[in-house]
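Architecture at a glance
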Amino acid sequence: MFTLILVTIVMLILFLHARKQNQFPGPPRLPLFGSVPWLKLARGMNDWMLCQIVTKHKVAFVRIGSLDVYVINDFQLAKELFSSDVFSNREPSHFARNHRWLKSDEPVGIFFTNGEKWSTQRRFGLRTLRDFGFGKKKLEKTINFEIDEVIDQFSKEEGHDVKIGNDFSLPIINILWQLVAGYRFQPDDEEGRKMVDWVQRLFMQSPTILQVLPFFLIQLFPSFGGYNERAYITETQREFMLRMIEEHKKTFDPEDLRDFIDVYLLQIKNDKERCEQEIKRIHNVYCIIF
């Protein structure tokens, strides 16, 4: 009985402390559970977004487990906020830091970078992909080829019912993969097929539970919510991509840029040379002055 009373007092203190910390209106919050006991989830995990207790405020603060969410219900306010770079930052998750590319406190790449670094990476990425036909008519040849391959595959099943599962995943990824890495996965390519299936699995597998639970609980029970499987797939894909980049480095020719990876390698080379020249220039100036 004493333990129950003690736990109740501790939860009440944490509850009052949480309310004091955040002045935005919204449903009450409890430790570990957050606002879940006050939200309607009858039609699914995202049903809470339409709860009146959330929608009646211009900005509502909701805690789903350990995930803090600010819900903007006013169009003009949303437009004003998202026109500012301050509200465009993406904070990498614990999962990304441990299993994607992020091994330090400084984010890299496009998805998790912010500010000028994000703008530079985004401009470079869009420009390079457009140069290789992304969003342009010249990509039609590649798309039509993949369509013909799918039709041929279905034609072999003539007279039989065909269950369409991941049959469209391979051609779609092939179109993008030719822009990125310069080649396509073949239907009999076991490793390539596995990579495509894993991409499909990651998209179908909802990471919501991994975002909601405190990270220390996920580390204690890594099999719960598919964390172990998701981590294995992500790390295997990372190793596959690193191997592709190393193969590109071995056959790299600055006069014959085949795909996105080649252009990125050239940009890294040019940036490194510019940095070396700048360091040399600064050193020469230093020597002249002193």
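The structure under discussion appears in the preceding block.
These lines cover the structure that appears in this document, whether it is placed above or below. (Residues numbered from 1 in each chain as written. Predicted model: local features only at pLDDT ≥ 70, side-chain atom pairs only at ≥ 80, totals over all residues. Heavy atoms only, no water.)

What to know about the overall build of the chain
From N to C terminus, the chain includes 12 helices and 2 strands. Starting at the N terminus and walking to the C terminus, you meet the elements of the chain as α-α-β-β-α-α-α-α-α-α-α-α-α-α. Here the chain, with 290 residues, has 29% of them falling under the buried criterion. Contacts in the chain between residues far apart in sequence, at least 24 positions, make up 48% of those at least 6 positions apart. Only carbon and sulfur atoms are counted for the fraction: they give 60% of the accessible area of the chain, which is about 20,600 Å². (Helix = DSSP H or I, 4+ residues; strand = E, 2+ residues; numbered from the N terminus. Buried < 20%, exposed > 50% of the residue type's maximum accessible area, 1.4 Å probe, protein only. Contact = heavy atoms within 4.5 Å. Areas by Shrake-Rupley, 256 points an atom, 1.4 Å probe, with all protein chains shown as cover.)

Some remarks on the side chain of glutamate 146
The residue glutamate 146 is located in helix 6 (residues 140-155) in this model. Residue contacts for glutamate 146: discarding those within four places in its chain leaves Pro171, Asn174, Ile175, Gln178 and Arg184.

Structural notes on a nonpolar patch on the surface
A grouping of Leu32, Phe33, Phe216, Leu220, Phe221 and Phe224 is seen on the molecular surface, where their side chains present a nonpolar patch of about 710 Å² in accessible area. Among the secondary structure elements, phenylalanine 224 is positioned in the loop between helix 10 (215-220) and helix 11 (227-250). (Patch = residues over 30% accessible without salt bridge, like charges linked within 9 Å, V, L, I, M, F, W, Y side chains within 5 Å. Salt bridge = Lys/Arg side-chain N within 4 Å of Asp/Glu carboxyl O.)

Quick notes on the packing of aromatic side chains
Taken as a whole, this structure holds 12 aromatic pairs when the rule is applied. Geometrically, the ring pair formed by phenylalanine 124 and tyrosine 264 is edge-to-face, given 5.2 Å between the ring centres and 90° between the ring planes. In this pair, phenylalanine 124 is assigned in helix 5 (residues 115-131) and tyrosine 264 in helix 12 (residues 260-289), connecting sequence segments 140 residues apart. Overall, tyrosine 264 belongs to the partly exposed group, its relative accessible area being 26%. Within the aromatic cluster, the residues linked to one another by ring pairs are Trp177, Tyr183, Phe185 and Phe240. (Phe/Tyr/Trp six-rings, centres within 6.5 Å; stacked < 30°, edge-to-face > 60°.)

Brief notes about the environment of isoleucine 173
Relative to the assigned elements, isoleucine 173 resides in helix 7 (residues 169-181). Remark: the alpha-carbon pair of isoleucine 173 and valine 196, spanning 23 residues in sequence, is separated by 7.2 Å. For isoleucine 173, the residues in contact, after removing those within four places along its chain, are Phe185, Val196 and Val199.

Keep in mind that these numbers describe shape and distance, not what the molecule does.
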